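Structure assessment
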Amino acid sequence: MMLDNERANFATKLGIILATAGSAVGLGNVWRFPYMAGQNGGAVFIVIYMLCVLLLGIPCMINEFIIGRHAYANTARAYRTISKSRGWMLIGYMSVLTGFLITGYYAVVSGWCLQYVWASLVGHLHGEPDYYKSYFASFSSDPVKPIFWLVIIMLMTYLIVKNGIRDGIERASKLFMPTLFILLVIIAVASCMLPGAHAGIEFLLKPNWSMINSDVFLSALGQSFYSLSIAMGCICTYASYFSKHTNLANSAIQISVIDSMVAILAGLMIFPAAFSVGVNPDSGPSLIFITLPNVFQQAFGEWPVVGYVISLMFYGLLTLAALTSLMSLVEVSTAFCQEEMKITRKAATLIVVSSATIIGVFCSFSLGAYDGLAFFGLSLFEIFDFVTGQIFLPVVGFLTSVYIGWFAPHKVVRDEFTNWGTLRGTYFHLYLLLVKYICPICIIFIFLHQFGLI
Ligand code: TRP
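Anyway, here's the lowdown on the structure attached to this text. Being a predicted model, the structure only gives us computed values, none of them experimental.

Thresholds, definitions, all that
- The residue numbers shown here count from 1 along each chain, following its written sequence.
- Where local features are concerned, this predicted model is filtered to residues with pLDDT of at least 70; where side-chain atom pairs are given and counted, the filter is 80 or more; whole-chain, interface and lining totals use all residues.
- Water and hydrogen atoms play no part in the side-chain values, which are based on all heavy atoms of the structure.
- Here a cavity denotes a set of grid points, spaced 1 Å apart and computed over the protein atoms alone, in which a 1.4 Å probe fits but from which it cannot get out, and a pocket denotes an open set meeting protein on both sides within 12 Å along at least five of seven lines; residues with an atom within 4 Å of a point are reported as lining.
- Grid points are joined across faces, edges and corners, and a volume is the space filled by probe spheres set on the points.
- Secondary structure elements follow DSSP: runs of H or I of four or more residues count as helices, runs of E of two or more count as strands, with numbering from the N terminus.
- Side-chain classes are defined by residue name, with Ala, Val, Leu, Ile, Met, Phe, Trp, Tyr, Cys and Pro counting as nonpolar, Asp, Glu, Lys and Arg as charged, and the others, Gly among them, as polar.
- Only protein chains enter the area calculation, which uses a 1.4 Å probe; residues under 20% of their type maximum are buried, those over 50% are exposed, and those in between are partly exposed.
- Any pair of residues with heavy atoms lying within 4.5 Å of one another is described as a contacting pair.
- Whether a residue is near a molecule or strand depends on its heavy atoms: if one lies within 4 Å, it is near.
- Counted as a polar contact is a pair of N or O atoms within 3.5 Å, where, for protein atoms, one must be capable of donating a hydrogen and the other of accepting one, and residues adjacent in sequence contribute only when both atoms are in side chains.
- The accessible surface values rely on the Shrake-Rupley method and a 1.4 Å probe; as for residues, cover is taken only from the protein chains in view.
- A molecule is said to be in a cavity or pocket once over half of its atoms fall within 2 Å of that pocket's grid points.

1. Thoughts on the layout of surface pockets
Any empty space left between the atoms is revealed when a probe the size of a water molecule rolls over them. One number sums up the size of the largest pocket: a volume of about 720 Å³. Forming the boundary of the largest pocket are 27 residues, of which Trp-31, Arg-32, Tyr-226, Asp-385 and Gln-390 lie nearest the centre. Secondary structure elements with two or more residues in the lining of the largest pocket: α2 (27-31), α3 (33-39), α6 (86-121), α11 (214-227), α17 (380-407) and α19 (428-450). Examining the composition of the lining of the largest pocket, we find that 7 residues originate from one element, α17, more than from any other. Among the residues making up the lining of the largest pocket, the classes are represented as 16 nonpolar, 9 polar and 2 charged. When its volume is computed, the second largest pocket comes out at roughly 400 Å³. Considering the residues around the second largest pocket, the lining is formed by 18 residues, among which Ile-62, Ala-249, Ile-253, Phe-417 and Tyr-427 are closest to the centre. At the level of secondary structure, the elements contributing two or more residues to the lining of the second largest pocket comprise α4 (43-71), α13 (248-276) and α19. Per element, the largest residue contribution to the lining of the second largest pocket is 5 residues, and it comes from α4. Its residues assigned to classes, the lining of the second largest pocket shows 13 nonpolar, 4 polar and 1 charged.

2. Quick notes on the side chain of Glu-416
By the secondary structure assignment, Glu-416 is in helix α18 (residues 410-418). With a relative accessible area of 3%, Glu-416 lands in the buried category. What Glu-416 contacts, discounting residues up to four positions off in sequence, is Ile-66, Arg-69, His-70 and Leu-248.

3. What about the site of the ligand?
The local shell around the ligand holds 15 residues, among which Ala-24, Gly-28, Asn-29, Ser-227 and Met-232 are the closest. Taking Tyr-226, its main chain carries an N or O atom lying 3.1 Å from a nitrogen atom of the ligand. One nitrogen or oxygen atom from the side chain of Ser-229 is found 3.1 Å from a nitrogen atom belonging to the ligand. Look at the ligand: alone it shows 360 Å² of surface, and the protein chains cover 99% of it. Here the ligand occupies the largest cavity. Mapped by element, the contributors of at least two residues to the shell around the ligand are α1 (13-24), α2, α11 and α15 (304-340). For the shell around the ligand, a count of residues per class yields 7 nonpolar, 8 polar and no charged.

See the structure below:
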């Protein structure tokens, strides 16, 4: 067992929770969850989702906590440390690779958020509904502008991550996460006070049992996995900076609660405003970059200053959500480079950030500036999204569960779960049961479902 002070670690429990929740709370909470909830039975979906978080999300998060904290090392080395075998070690490498590949394209979208903060600030974001569409289309396919913002957001990430865990990631998370939460609550309250807002609240929260089918279950499962940032090395890497006193199971529960609360609040921010002006909300990039700027502008049209402030706050909160996730992604590869190549943290961060930026530039170009960057009819951007999100993610998650459930040294798993017997570990057997049987089966279902096989 290594001593705490031999390697960087988080200073406080709050720092651990906020940083890890920062990784989990991302664009998926805003552009995916509310729409899924609205479409799939409202409150019923939310209950099913919470169940999926309990049955799949939390156990998978604890798996990664155990692997990361046991090794006190980057994710690739962490899998090697616990398994002592080359085969299982490959999962670690795959996590790091997935995290790295995603960084570039996640950064592109994070850059867009920042550009929209700027656009709100200088007052570019108002006009007819069609204006928002053409504004986004021309911006995202521009060869220069998105690259500029990509570089800026990467620079910000670099400046934070290079300072290390306590002075960089922990400090930034302690500032960003509460700010994000306050902005979210203010916009949600403003949105719920609009005339006709109750229809939106009803759409999101009214239980509609008739909508329940197997599709709803599978989508909720997939979303719970994605929303908690499982299987990209982020959770495992952060856990390698936890202290030996951190209660892993409790932390996983607290982080999941924060993540779910943000997702529901995001729904309360979007639907009441959209229904109040009679716009149908959608999901994905078009929701946050086309539909919502228009909705906010119309909803608060009578008070232009409020509209201006809300739009600024909205993109500010999106940028914070994206930035804290980006930090965790960059940290995965930074820890890997630093420890495997034995270089300084600064150098490692620089290498990761610059190479991810290059990937981001190509992803961004593939969205319109250069048509040549398309394969099989998909842009490079979509290919990255597909390969990492739909293939690597479930594979890593599945193998990790199978490993922890069936092959990992039982004593290590137990010791980490109970902090070497100092915690009661009441739910240890339940956790093991979930990891052995339920998680692998659920992940296979998610995998087959997303390819339309079930
Ligand atoms: N959890 C993030 C969200 O809800 C998305 C995400 C998945 C992610 N895996 C990640 C973000 C890894 C950062 C790192 O949007």
